[in-house]
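# Close look at the chain arrangement
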Amino acid sequence: MSANTPAANLHHLLSCLSDYDPNSLPVAQAQQIIQQFVTPIDSVEKLAIRQALGRVLAADVLSGINVPAYDNSAMDGYAFIGSDLQKKATDHSDTTNQTLTLKVVGAAYAGRAFEGAVQPGECVRIMTGAVMPSSCDTVIPQEWTIEISDSKQATESKQSNPGNSTQIRIPATKINAGDNRRLKGEDLAIGTTALRKGKILRPADLGLLASLGVAEVAVQRRLRVAIFSTGDELRSLGETLDLGGVYDSNRYTLYGMLTRLGCEIIDMGVIKDDPISLEAAFRSAGENADAIITSGGVSVGAADYTKQMMEKLGDVAFWSIAMRPGRPMAFGKIQSNKSDQSASKGAYLFGLPGNPVAVMVSFYFFVRDALLHMMGAGAASTTSSTSLTLVPAISSAALRKRAGRTEYQRGIVSVATNGQLQVSITGSQGSGILRSMSEANCMVVLHHDQADIAAGEQVDILLFEGLI
Ligand code: AMP
Ligand code: MG
């Protein structure tokens, strides 16, 4: 099945895979299955461009104008006819320093054009952004010119005609015809695609839209993601921590990561490990959300109702992924109403493990890409890939690594004196030790086939800064 053809049924898709082993699934294969199964939402809203920051563009934006709309000057200087530069070669009186003398016939300001005619041998004082006078195609920067008359006042004041006697001398060899001119449409020509569908709008894009005179854009509606934590030991903030109790931290890390992605979060709190509460939670989430993210209760052999309920209400696969931390994960689709078999109804389910670091790792490496795909991000664009970018860094110490699984270690990266990135591991790497994530500024990704890493060896890292 091709990556572009979404599968209607997960178990059907899995049965078509020849090398599928749910009990030892390589990270890359799990990522591929998820990506193949999820489909983008199809709901669009129009927003004022400021409100569209961070949202996914739902249609290509074509430029309705040329940007810039007219040829204009890139410098403060003098505009003249470029072919005048030829004259310095034939003007034997001036071959030693190759200068050209031009008569200043006016001035052009940004927002106030010079509307007169410019003849050969003449020039116009021009400011950055001012419309190029017709017939002029070249600008010499002001600092390269020498004024050779004494009517300076006239050229420096905001008068369009600075007096007939002003002349400038320019070094003709320092400049070519056409220099320092911004051409009409050189940023964006009328009718060309300015922004592609699927682009996540960043600050530069808001500016670009404004430069086209576009006040509103069509964006995908926000993805609705329901989250809840499962486990009888979990306590919500404000509750007393009794013996065996653990404060629910996963909903908070998930809240942070989902907020960064621009999702609308439906926080369903802590759900006790009891079949009635769980069924109600899954049904409600399936009705209201595009995706459900749970944590806890998906371990292999866990004697709880979370897995049972996922199985009962949906088309869900339970995996043990060849990774650390992480391993157990449930993925599939929950029907909002079991009698409704329509594949488009219900919500995608990501049943993450309970351990706090495992939740974050599983989110970044499985859920994030899937949600972006559902949001329509990157849909028609090859230039704005939303995939995580790993960068190489030198490991400052030896790292133990078992080949045959992907390991994610929390690291601190810095720039070494030789300019290379150098990474060291943050203390204890236990999957429950959230402090390791908090202290880290990157994740060291040790790939499936990699074995022990020697000190000084190169590893791939994922920088946390800038991660959405
Ligand atoms: P589980 O995957 O349910 O077996 O949980 C694995 C570990 O993660 C256990 O020590 C749980 O107490 C812990 N855990 C599960 N859910 C949460 C949560 N929401 N916040 C903090 N710790 C959790
Ligand atoms: Mg549990």
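Scroll up a little and you will see the structure.
Residues numbered from 1 in each chain as written. Chains lettered and ligands numbered in written order. Predicted model: local features only at pLDDT ≥ 70, side-chain atom pairs only at ≥ 80, totals over all residues. Heavy atoms only, no water.

Another aspect to go through is the sheet that holds strand β8 (residues 138–141). In a beta sheet, neighbouring strands are held together by backbone hydrogen bonds and run either parallel or antiparallel to one another. Strand order across the open sheet formed by six strands is β8-β5-β7-β6-β10-β9, with mixed pairing between neighbours. Each having just a single partner strand, β8 and β9 (146–147) make up the two edges of the open sheet. (Pairing = 2+ DSSP bridges. Helix = DSSP H or I, 4+ residues; strand = E, 2+ residues; numbered from the N terminus.)

The residue Ala52 is located in the loop between β2 (44–48) and β3 (61–62) in this model. It is 8.0 Å that separates the C-alpha atoms of Ala52 and Leu206, two residues lying 154 residues apart in sequence. Excluding residues within four positions of it along the chain, Ala52 makes contact with Leu47, Leu201, Val217 and Val219. (Contact = heavy atoms within 4.5 Å.)

The next point concerns the packing of aromatic side chains. According to the stated counting rule, one finds seven aromatic pairs in the structure shown. Note on Phe37 and Phe331: the rings are 5.7 Å apart at their centroids and 85° apart in plane angle, and the pair reads as edge-to-face. With Phe37 in helix α2 (residues 27–37) and Phe331 in strand β20 (residues 328–334), this pair connects stretches of sequence that are 294 residues apart. Owing to a relative accessible area of 1%, Phe37 belongs among the buried residues under this scheme. Residue Phe331 is classed as buried on the basis of its relative accessible area of 0%. Arranged with centres 5.7 Å apart and planes meeting at 90°, the rings of Phe37 and Tyr348 form a pair that is edge-to-face. Note that Phe37 is positioned in helix α2 and Tyr348 in strand β21 (residues 347–352), a separation of 311 residues in sequence. Classification of Tyr348 by relative accessible area gives buried; the value is 6%. Here a set of aromatic residues connected by ring pairs shows up, and it is made of Phe37, Trp319, Phe331, Tyr348 and Phe350. A cation sits over an aromatic face here: Lys307 above Phe318, 5.3 Å from the ring centre. (Phe/Tyr/Trp six-rings, centres within 6.5 Å; stacked < 30°, edge-to-face > 60°. Buried < 20%, exposed > 50% of the residue type's maximum accessible area, 1.4 Å probe, protein only. Lys NZ or Arg CZ within 6 Å of the ring centre and 35° of its normal.)

Here strand β22 (residues 391–395) pairs with strand β26 (residues 458–463) via four bridges, running antiparallel. Within β26, the position partnered with Ala393 by the bridge is Val459. As paired strands, β22 and strand β24 (residues 421–425) are joined by two bridges and run parallel to one another. Note on β24: the bridge partner recorded for Ser395 is Val423.

On to a nonpolar patch on the surface. On the surface, a cluster of nonpolar side chains totalling about 390 Å² of accessible area is made up of Leu237, Leu241, Tyr247 and Tyr252. Mapped onto the secondary structure, Tyr252 falls in helix α6 (residues 250–261). Relative accessible area serves as the criterion here: at 40%, Tyr252 is assigned to the partly exposed category. (Patch = residues over 30% accessible without salt bridge, like charges linked within 9 Å, V, L, I, M, F, W, Y side chains within 5 Å. Areas by Shrake-Rupley, 256 points an atom, 1.4 Å probe, with all protein chains shown as cover. Salt bridge = Lys/Arg side-chain N within 4 Å of Asp/Glu carboxyl O.)

With that settled, consider the site of ligand 1. Around ligand 1 there are 16 residues in total, and Glu233, Asp248, Ser249, Gly297 and Gly354 lie nearest to it. Note that an oxygen atom of ligand 1 is positioned 2.9 Å from one of the backbone N or O atoms of Gly297. Relative to its free-state accessible area of 480 Å², ligand 1 is covered by the protein chains to the extent of 75%. In terms of residue class, the shell around ligand 1 is built from five nonpolar, nine polar and two charged. (Near = heavy atom within 4 Å. Polar contact = N/O pair within 3.5 Å; in protein donor to acceptor, adjacent residues only side chain to side chain. Nonpolar A, V, L, I, M, F, W, Y, C, P; charged D, E, K, R; others polar.)

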